[in-house]
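Here is what each chain is made of, one letter per residue.
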Amino acid sequence: MEPEGTTEGPTANLAQSAAMKLSQMGERTKQLGTAIQDPDRQRRIILVIVCVALLLDNMLYMVIVPIIPDYLVELQNEADHAHARLTHTNSTNSTVHKVTRGDFDLQIGVLFASKAILQLLVNPLSGTFIDRVGYDIPLFIGLNIMFLSTVIFAFAENYWTLFLARSMQGLGSAFADTSGIALIADKYTEDTERSKALGIALAFISFGSLVAPPFGGVLYEFAGKRVPFLVLACICLVDGIMCLAVLKPFSNRERENMPVGTPIFKLMIDPYIAVVAGALTTCNIPLAFLEPTIANWMEENMHASQWEIGMTWFPAFFPHVLGVYLTVKLAAKYPHLQWFYGAIGMVFIGASSCTVPACKNFGQLMIPLCGICFGIALVDTALLPTLAFLVDVRHVSVYGSVYAIADISYCLAYALGPVVAGQIVHDLGFVQLNLGMGLANVLYAPALLLLKNVSQLKPSFSERNMLLEDGPTGLYDTIKMEEREKRRKGLCTTIDENGIDTFAQRSFSEDESSGEYA
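What you see is a predicted model, and the numbers here were worked out from it, not measured in a lab.

Conventions and cut-offs
- Residues numbered from 1 in each chain as written.
- Predicted model: local features only at pLDDT ≥ 70, side-chain atom pairs only at ≥ 80, totals over all residues.
- Heavy atoms only, no water.
- Helix = DSSP H or I, 4+ residues; strand = E, 2+ residues; numbered from the N terminus.
- Buried < 20%, exposed > 50% of the residue type's maximum accessible area, 1.4 Å probe, protein only.
- Contact = heavy atoms within 4.5 Å.
- Areas by Shrake-Rupley, 256 points an atom, 1.4 Å probe, with all protein chains shown as cover.
- Expected span 1.5 Å × (residues − 1).
- Bend = angle between axes of the 7 residues up to and from the residue.
- Polar contact = N/O pair within 3.5 Å; in protein donor to acceptor, adjacent residues only side chain to side chain.
- Core = buried A, V, L, I, M, F, W, Y, C linked by side-chain atoms within 4.5 Å.
- Axes fitted to C-alpha atoms, helices over the stretch in contact; angles between N-to-C directions.
- Parallel < 35°, antiparallel > 145°, perpendicular 65-115°, else oblique.
- Left-handed = near helix turned anticlockwise from the far one by under 90°.
- Nonpolar A, V, L, I, M, F, W, Y, C, P; charged D, E, K, R; others polar.
- Patch = residues over 30% accessible without salt bridge, like charges linked within 9 Å, V, L, I, M, F, W, Y side chains within 5 Å.
- Salt bridge = Lys/Arg side-chain N within 4 Å of Asp/Glu carboxyl O.
- Lys, Arg positive; Asp, Glu negative; His and termini not counted.
- Charge placed at Lys NZ, Arg CZ, Asp CG, Glu CD.
- Disulfide = S-S within 2.5 Å.
- Phe/Tyr/Trp six-rings, centres within 6.5 Å; stacked < 30°, edge-to-face > 60°.
- Lys NZ or Arg CZ within 6 Å of the ring centre and 35° of its normal.

Participant: Would you take a moment to explain the overall build of the protein chain for this structure?
Facilitator: Across its full length, the protein chain holds 20 helices and zero strands. A buried classification covers 49% of the 518 residues belonging to the protein chain. Long-range contacts, defined here as pairs at least 24 residues apart, represent 83% of the contacts in the protein chain between residues at least 6 apart. Entry remark: accessible area of the protein chain is about 24700 Å², with carbon and sulfur atoms responsible for 64%.

Participant: What should I look at first to understand helix H10 (residues 271–290) in this one?
Facilitator: One turn of the α-helix equals 3.6 residues, which is why residues spaced by three or four share an orientation. Between the first and last C-alpha of H10 there are 30 Å, a value that for 20 residues agrees with the 28 Å anticipated at 1.5 Å per step. The principal kink in H10, of about 35 degrees, is found at Asn 284, preceding the proline Pro 286 by one to four residues. Most of H10 sits out of view: 16 of its 20 residues are buried. Put simply, Asp 270 is the residue that caps the front of H10, since its side-chain oxygen is 2.9 Å from the backbone nitrogen of Tyr 272.

Participant: For this particular structure, what's the right way to read the side chain of Ser 401?
Facilitator: Structurally, Ser 401 can be placed in helix H16 (residues 400–427). The exposure class assigned to Ser 401 is buried, which follows from its relative accessible area of 1%. At a separation of 2.5 Å, a polar atom in the side chain of Ser 401 contacts the side chain of Asp 131. Ignoring anything within four residues of it in the chain, the contact list for Ser 401 reads Gly 127, Thr 128, Asp 131, Thr 262, Ile 264 and Leu 267.

Participant: Just checking my understanding: could you explain the nonpolar core for this structure?
Facilitator: One finds Leu 139 and Tyr 403 to be the most contacted residues of the largest nonpolar core, which totals 125 residues. Every residue in contact with Leu 139, bar those within four places of it in the chain, is listed here: Ile 49, Val 50, Ala 53, Ala 176, Ser 179, Gly 180, Leu 183, Cys 243 and Leu 247.

Participant: Even after reading the chapter, I still don't get the packing of helix H7 (residues 191–223) against helix H15 (residues 362–394), so can you show me in this structure?
Facilitator: A pair of packed helices can be characterised by two numbers: the angle between their axes and the separation between those axes. Their axes nearest at 9 Å, the elements H7 and H15 cross at an angle of 135 degrees. Accordingly, the angle class assigned to the pair H7 and H15 is oblique. H7 and H15 meet at a crossing whose hand is right-handed. Of the residues in H15, those touching H7 at Asp 191, Arg 194, Ser 195, Leu 198, Gly 199 and Leu 202 are Asp 380, Thr 381, Leu 384, Pro 385, Ala 388, Phe 389 and Asp 392. Split by residue class, the contact of H7 with H15 holds six nonpolar, three polar and four charged.

Participant: Can you walk me through a negative patch on the surface in this structure?
Facilitator: Judged by side-chain charge, Asp 70, Glu 74, Glu 78 and Glu 221 come together as a negatively charged surface patch. Among the secondary structure elements, Glu 221 is positioned in helix H7. By relative accessible area, which is 61% here, Glu 221 ends up exposed.

Participant: Can you walk me through the state of the cysteines in this structure?
Facilitator: In a disulfide, the sulfur atoms of two cysteines are held together by a covalent bond. The full count for this structure, using the stated rule, is zero disulfides. No disulfide involves Cys 236; its sulfur sits 10.0 Å from that of Cys 234, the nearest cysteine.

Participant: I'm lost on the pattern of salt bridges in this one. Help?
Facilitator: Think of it this way: side chains of opposite charge can pair up when their charged atoms draw near. Summed over the entire model, instances satisfying the criterion amount to five salt bridges. Salt-bridge contacts for Lys 115 lead to Asp 57; the nearest nitrogen and oxygen are separated by 3.6 Å. Taken together, the positions of Lys 115 in helix H4 (residues 90–133) and Asp 57 in helix H2 (residues 39–63) put the pair 58 residues apart, joining distant regions of the chain. A residue is classified by how much of its surface remains accessible, and Asp 57, at 2% relative accessible area, is buried.

Participant: Any chance you could explain the side chain of Ser 352 here in plain terms?
Facilitator: By the element assignment, Ser 352 lies in helix H14 (residues 338–355). Leaving out residues up to four positions away in the same chain, Ser 352 has contacts with Pro 368, Gly 371 and Ile 372.

Participant: Where do I start with the packing of aromatic side chains in this structure?
Facilitator: The description of an aromatic ring pair uses the distance of the two centres, along with the angle that the planes make with each other. All chains considered together, the criterion is met by eleven aromatic pairs. Note on Tyr 61 and Tyr 414: the rings are 5.7 Å apart at their centroids and 85 degrees apart in plane angle, and the pair reads as edge-to-face. Here Tyr 414 lies in helix H16 and Tyr 61 lies in helix H2, a separation of 353 residues in the sequence. The interplanar angle of 75 degrees and the centroid separation of 5.7 Å between the aromatic rings of Trp 339 and Phe 340 together place this pair among those described as edge-to-face. In this structure Trp 339 comes out as buried when scored by relative accessible area, which is 13%. Between Arg 43 and the ring centre of Tyr 188, over which it is positioned, the NZ or CZ distance is 4.5 Å. Over the ring of Phe 112 we find Arg 166, and its NZ or CZ is 5.6 Å from the ring centre.

Scope: geometric values only; no functional claims are made or implied.
Right under this line is the structure:
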């Protein structure tokens, strides 16, 4: 017989090993929780969450380009065959087919534009909502709507279900995109860090837009329609879980101390913000108008293959990232020239747009398209941080409404593109379309001279006026300004048991006692 201990020994060892593993997991969980609570690490995690949300939105926006037209043709062919079997007459089938084909381009254009149109309509409301409740809840709501939209895309089997999915994506984007960009502006208060963080976000936007067509086309060809959307839905689900775990949108009490932001209609009539919004719309018109028209032009004039059409925009990702990098570096050294970087970008876009019709083959076409994306990178990277700075120095430091205006500017271009561009090409021609877009950008560039003196505006002066007029709103902005100064000087923030920044509070008290605010 075996001793009793021989059977209990392995069991005890297994129990001890399991207990040790549980203890190690507990320690790692505590370390992870501590790391998340660290302000710098938390900002980086938030930046990752926002960048993934922007990546998903733009991939979903562009992934349908190689999928949906072909899929709708298949659905139409199936409907035609079913109708032919019922009628047993070729004449009726031919008539129905011609009518449907005549409306096909319009249906595709409306489907593609529906996202931007709904986003354009919802943005004024979402910007105000973000200013009232904070940035975390709208971001979480937007991710959930985008997840539902992606799942509906995967299982949709008719035009109207696809239209519903596309429109829902616009609703989700109005919340996720605006709150995400505003959250970055709020967390990165120092100008150089803010420009860098927004530049990273723009790089993800570009990557999502440019990698989505080949991504969707390859998966659609080899795995079917559902797979690309299900992959994006899984990534969206993970990002939503990260948002829920890190931001804790329904338990975060920071929004209780947020001041009331400047109403969006007042921001719209600010001349500086209006100039920036106009530049964002104008610089994105070439991209928005070329995407629905360039494929047919390439087929007719270059006899381009489907592979060449699918890869047309992908190389432009690299000059876009280069433009973001250069603008961030230049803005760190010469921040007073942000307007100049934007103006140079618009000239680049104008010149590149005018040269598109002169291209004779696929290799030549890549050059002006890269120039357009490089110019857009310069404009976006220079002017998006400028919007946050303008809100800091001229209004209340709450960013939901101002970035809703930026999103409206983008959506205006992309809502018009799929609907208007084809008609312009039909009536005037592809050459005239490109010349008009290029001329518009070159002529708008001098308007950015109005932003030349923006960097000389003094935040402290604006915030003193707010303090006298609005009380707690001015105190909030003063503390925000002290935080910006501390980051520049490398000082640490001291938080007391009530969550109050004692350094900023002490500085404010000293300034008040010295009579600076009197």
